[in-house]
Amino acid sequence: MRILLYNPDNGVTRNFMPHLWMFLLQSLTPPGHEVLLIDGNAKPMNEAEIAQYVRDEKIDLVGIGAMTRMIAKAYRIADAIRATGVKVVMGGPHVTELADEALGRDGGPRHADAVALGEADETWPQMVNDAARGQLKEIYVPVDETGKERKPSLKQYPVIPWQSIDLEQFNLVPKAATAMLQKVGEGWGTFRIIPVESGRGCPYGCEFCTVTGFFGDSIRFRTNESVVNELLLLKARGRKEKGQMAVFFIDDNFAINVKRTKSLLRDIIAAGAQVHWVAQISANLLRDEELVDLIAASGGKWIFIGMESIDPANLKDVNKGFNKPGEYAEVLERLAKRNVYAITSFIFGMDNDTTGVGERTLSQVRTWPPGLPIFGLLTPLPATPLYKRLEAAGRLTRAKHWQEFIPFAMAHTPLKMSIDEAHAEVKYGWAHAYSPEALAQAVDALDDQPLGYRINIFLARLCFRGIYFPMMGKLAWAKVITQNRRTIFKLVKEAMFGRKARPQGPEAEVAYEEAATLEPHVSA
């Protein structure tokens, strides 16, 4: 069979890295089948285009995976494909919780011929074999001989052939900026972030999160050797292509078992497998000085921290009381001392939030080392404890909000402010954290660091700005570049001519700072 694995976009923002599940299932497909991959974030297609593609490529089976925010697009794509007569199978957290919706058993239209519930490592090969025989079942569940749900072991993890996969579609550097950045050196003409997992599961059970429900509360890990070999493969490709190749460890909490994480990081260092990497780690686990030392030594550059709120009452409400806002600054300073920086995530619209929460949060963020703050709204995802609590309280305003995805829009009524006020707080956060002034301040805060660090923070901020303010076309990029021309000029000038030594003495320092802020003449 010719099989297409398709990951939908949400029609608004472009994800900054490909989704791992497609590459993983491609590696797990039984021999004798050809697997094609399309990530809608890198290759946008509408319903008519995907249907024509399926016809032209003579596709026999399509697998679609999607999170809740992408499910409306996933259903439309699935409907278009099924209209051509091709079978569609679907999976992922949303379909796992609402299988009847995908199969049309809830009174709505049917979107899938079959669904995979839970992790599909074991069920995907079964689905492929059944489809090849024309005996596709409706529901596939990973169970043992007694009928109990079974979580797949990660000890025998498939090898993903990163050395031969076309990654050009995932280059984050805009074509308009490629030539300029190539002159900078250090491989900045291309920048790709590759997803890698080292483990699955999370025991914390935060009220708003789907992870524990989908992957379970027991943690499973790949072998250290397996992870190290994958990093060596990616490092070799990056070196060969003279480009920047970073890794995002997609584990929901990379350091949940600190002893094991230290062991893995030591093995990465011993094997010389260091690449720049990003991972999600809870703030409470970053109290460990040795862990942070190993993070830096093994190539860690960015840590995603789900801070959620600076209000302890909010954190207690959503079962995330292990976060201590009083420790945030200390944790971030500990990372920054080792040139590791944070992606700090905040949720507005929580039950204890009031108007002004955006500025209160930013006032804290501005005192921390430069990083990437991101802002979202509390969202009740299906089957989470949060959804059930809000439903029971009659507070849901869009009970099936996923059927019409609206970015940054609430689906329930907050307790201490209106929905519109919550929306305004998120907009305020993004606008003031990613203004040209804020980007310049982030770059200047690293003035004592090598040029690569300042380019890193600037490019990362530009990319993350696009989460809320999409930069989908040349005009949008031109506007952003013009707005940030002072910072760009400063970085390019240093790359081409080097950095002048800073003068000594109070008067000289003042003159130096004034000269550094002179705006170059740029014709818009």
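It should be noted that the structure appears before, not after, this text.
Residues numbered from 1 in each chain as written. Predicted model: local features only at pLDDT ≥ 70, side-chain atom pairs only at ≥ 80, totals over all residues. Heavy atoms only, no water.

**Q** Mind showing me how you'd approach the pattern of salt bridges here?
**A** Between side chains of opposite charge, a pair can form as their charged atoms come close. Scanning all chains against the criterion turns up 35 salt bridges. A salt bridge links R2 to E34, with the nearest nitrogen and oxygen atoms 2.5 Å apart. In this pair, R2 is assigned in strand β1 (residues 2-7) and E34 in strand β2 (residues 34-39), connecting sequence segments 32 residues apart. Residue classification places R2 among the partly exposed positions, given a relative accessible area of 21%. Notably, a salt bridge pairs D351 with R389, separated by 3.2 Å at the nearest N-O pair. Separated by 38 residues along the polypeptide, D351 in the loop between β13 (341-348) and α14 (357-365) and R389 in helix α15 (residues 385-392) bring together distant segments of the chain. A residue is classified by how much of its surface remains accessible, and R389, at 29% relative accessible area, is partly exposed. (Salt bridge = Lys/Arg side-chain N within 4 Å of Asp/Glu carboxyl O. Helix = DSSP H or I, 4+ residues; strand = E, 2+ residues; numbered from the N terminus. Buried < 20%, exposed > 50% of the residue type's maximum accessible area, 1.4 Å probe, protein only.)

**Q** What is the right way to read the packing of helix α9 (residues 224-241) against helix α10 (residues 258-270) from this model?
**A** How two helices pack is summed up by the angle between their axes together with the distance between the axes. Taken N-terminus to C-terminus, the directions of α9 and α10 make an angle of 40°; their axes are 10 Å apart at the nearest point. Overall, the two elements α9 and α10 adopt an arrangement that is oblique. Judged by the twist between their axes, the crossing of α9 over α10 is right-handed. Of the residues in α10, those touching α9 at N224, V227, V228 and L231 are R260, S263, L264, D267 and I268. Class assignment for the residues of the contact of α9 with α10 results in five nonpolar, two polar and two charged. (Axes fitted to C-alpha atoms, helices over the stretch in contact; angles between N-to-C directions. Parallel < 35°, antiparallel > 145°, perpendicular 65-115°, else oblique. Left-handed = near helix turned anticlockwise from the far one by under 90°. Contact = heavy atoms within 4.5 Å. Nonpolar A, V, L, I, M, F, W, Y, C, P; charged D, E, K, R; others polar.)

Geometric values such as these leave the question of function open.
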